[in-house]
Each structure stands twice: as C-alpha cells, then as structure tokens.
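# Summary of structural features
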Amino acid sequence: MTKPPGGHALSTILWTLSTDTQRERIAIRDLLVALGDRATGALIFIFAFPNALPTPPGTSTILGAPLIFLAAQLMLGRAPWLPAFVANRSMSSSDFSTLVKRILPWLQRAEKLLRPRFTGLALPPMEHFIGLVSLLLAVLLVLPIPLGNVLPALAISLMALGVLERDGLWVMSGLAVSVAAVFVVYGVVFAMVKATLFFFAQVW
C-alpha cells in the first residue's frame, strides 16, 4: 500500500496500524486507543463498510455485534466503550492489512470530498438521531436476509463519515440510503414470507 497523505486522517491511522510490523495481532481495543476521541464514528465506519462490499457469508454477523454497541453509544451520546469480550477480539496483522487494503481506496476518495458543511446535521442532538438510525440498521444488517446487508451498511458508513468530518451533506445522503434500505429489506422479507406461504399452500 502507498502511504496516504494527511496527518490524522482516518486512512492514515488505519495505514499506520496495518503496516506496524511490531504487532502480530490487532485487537479492537488497539483501534479504540489509536482513534482516540474520533473512535465512535471511525469504528462505526470500519465495522459497517466491509458489509457493503462482497464478503464471505457470516461477515455481517461477526462485525455486527460491535457495530450495535457503538451505534447505541452514539445514540446515547456516550464516549466509545466496548465490553471486554468484544474489545479483546483480534485478527492477525496480515488479515487486518488485507481488510485495510480493501477499505483504503474508497476511504481516500471519500476523504477528498468530505468537509465541514451543514454542521448542525452532524452534531448533537441530530447526532443522537443518527445513532438511533444506525442502531436500527445494524440490527437489520446482522439478520440473515439475502442481499439485506449492502444498503444498510452503506447508509451507516455514509452517516458515520458525515459525523466524523462534520459533513451534514453526507449525513443527509446516508439518511436517504437508510430509507431505501428499509424498503429493500421489507420487500425481500415480504417476498420470502409470501413464497413460504405459497409453498405450504401447495404442499397442504
């Protein structure tokens, strides 16, 4: 990977961690420490965005637990905290580096577009509403619904970056995608229920 520009940009922090040869494993706790007071928005993005990309089955379930905790804390306006059984989860440095390589190109493009604007939409009390919406979407994301994780993950990612960089335009974009995500998930669930009822009607 080529080192991204920007001293404290999220892409730079992730790149630094992924190229640290002194670490054999990267724990979620390490990310909390490295990200400092930006941890809530940054970690919500880190756990949400991989689900918007093609990933192995079950990825949303693994990443969903910390995402639910963090979204709830954003909703309540609390400092980022995760229980030990979540914070101590870790992956090998090589796996973390692979994950960062997938995220980094998208994140660097986003960082070029993000800037403080319509900041009232990315600050409390609106920030708490964003946390509530992200929490509801995170619950949808972990449910085993076919094609039901891409749009919720994208919506959460857009809102998280909006909060992180105080960009209300990205927050509004994320909320718009949230509405689309709910309709798509509802449509998929409705179709599954209807197909199941039709199947049993034919059998019986």
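Keep in mind it's a predicted model, so treat the numbers as computed, not measured.

Along its length, the protein carries nine helices and two strands. Each helix and strand of the protein, ordered N terminal to C terminal, gives the series α-β-α-α-α-α-β-α-α-α-α. Looking at the protein as a whole, 45% of its 204 residues qualify as buried. Considering only intrachain contacts with a sequence separation of at least 6, the fraction spanning at least 24 residues in the protein is 71%. Only carbon and sulfur atoms are counted for the fraction: they give 70% of the accessible area of the protein, which is about 10,800 Å².

Each aromatic ring pair is summarised here by two numbers: the centre-to-centre distance and the angle between the ring planes. Inspection of the entire model under this criterion finds three aromatic pairs. Ring geometry for F69 and F85: centres 6.3 Å apart, planes at 75°, overall edge-to-face. Placement of the pair is F69 in helix α4 (residues 59-76) and F85 in helix α5 (residues 84-87), with a sequence separation of 16 residues.

With an omega dihedral of 5°, the bond running from P124 to P125 counts as a cis peptide bond. Within the secondary structure, P125 sits in the loop between α6 (93-113) and α7 (126-142). Even without glycine at this site, F118 takes up a positive phi of about 45°. Take F118: it is sitting in the loop between α6 and α7. A relative accessible area of 54% places F118 in the exposed class. Notably, R166 is not glycine yet its phi reads approximately 55°, a positive angle. Mapped onto the elements of the fold, R166 is located in the loop between α8 (150-164) and α9 (168-203).

Right, let's get into a nonpolar patch on the surface. Among the surface-exposed residues, F118, L169 and M172 lie close enough to one another that they form a single nonpolar patch of about 280 Å² accessible area. Among the secondary structure elements, L169 is positioned in helix α9.

Bringing the packing of helix α1 (residues 10-18) against α6 into the picture now. With their axes 9 Å apart at the nearest point, α1 and α6 run at an angle of 160° to one another. Relative to α6, the element α1 is oriented roughly antiparallel. α1 and α6 meet at a crossing whose hand is left-handed. Where α1 abuts α6, its residues L10, S11, L14, W15, L17 and S18 lie against F96, S97, V100, L104, L107, Q108 and E111. Classifying every residue of the contact of α1 with α6 by side-chain character gives eight nonpolar, four polar and one charged.

This part covers α1. Summarising burial for α1: eight of the nine residues are buried, a large majority. By the burial criterion, the buried members of α1 are L10, S11, T12, I13, L14, W15, L17 and S18. Where α1 is buried, its residues contact β1 (25-27), α2 (28-35), α3 (39-48), α6 and α8.

A separate point is the confidence of the model for the protein. Chain-level statistics for the protein give a pLDDT mean of 85 and a share of 89% at 70 or above. Mean pLDDT values over the elements of the protein span from 81, in α5, up to 94, in α8. Contacts for the low-pLDDT stretch residues 1-7, under 50 throughout, to residues beyond four places or in other chains number 18 contacts.

Tracing the chain through its elements places A84 in helix α5. Considering only alpha carbons, one finds A84 and I28, 56 residues apart in sequence, at a separation of 9.8 Å.

Interhelical geometry of α2 versus α3 gives an angle of 135° and a closest axis separation of 9 Å. Of the possible angle classes, the one that applies to α2 and α3 is oblique. For the element pair α2 and α3, the recorded crossing hand is right-handed. Facing I28, L31, L32 and L35 of α2, the residues of α3 in contact are A39, A42, L43, I46 and F47. Of the residues in the contact of α2 with α3, the class split is nine nonpolar, no polar and no charged.

Conventions adopted
Residues numbered from 1 in each chain as written. Predicted model: local features only at pLDDT ≥ 70, side-chain atom pairs only at ≥ 80, totals over all residues. Heavy atoms only, no water. Helix = DSSP H or I, 4+ residues; strand = E, 2+ residues; numbered from the N terminus. Buried < 20%, exposed > 50% of the residue type's maximum accessible area, 1.4 Å probe, protein only. Contact = heavy atoms within 4.5 Å. Areas by Shrake-Rupley, 256 points an atom, 1.4 Å probe, with all protein chains shown as cover. Phe/Tyr/Trp six-rings, centres within 6.5 Å; stacked < 30°, edge-to-face > 60°. Patch = residues over 30% accessible without salt bridge, like charges linked within 9 Å, V, L, I, M, F, W, Y side chains within 5 Å. Salt bridge = Lys/Arg side-chain N within 4 Å of Asp/Glu carboxyl O. Axes fitted to C-alpha atoms, helices over the stretch in contact; angles between N-to-C directions. Parallel < 35°, antiparallel > 145°, perpendicular 65-115°, else oblique. Left-handed = near helix turned anticlockwise from the far one by under 90°. Nonpolar A, V, L, I, M, F, W, Y, C, P; charged D, E, K, R; others polar. pLDDT = per-residue confidence, 0-100.

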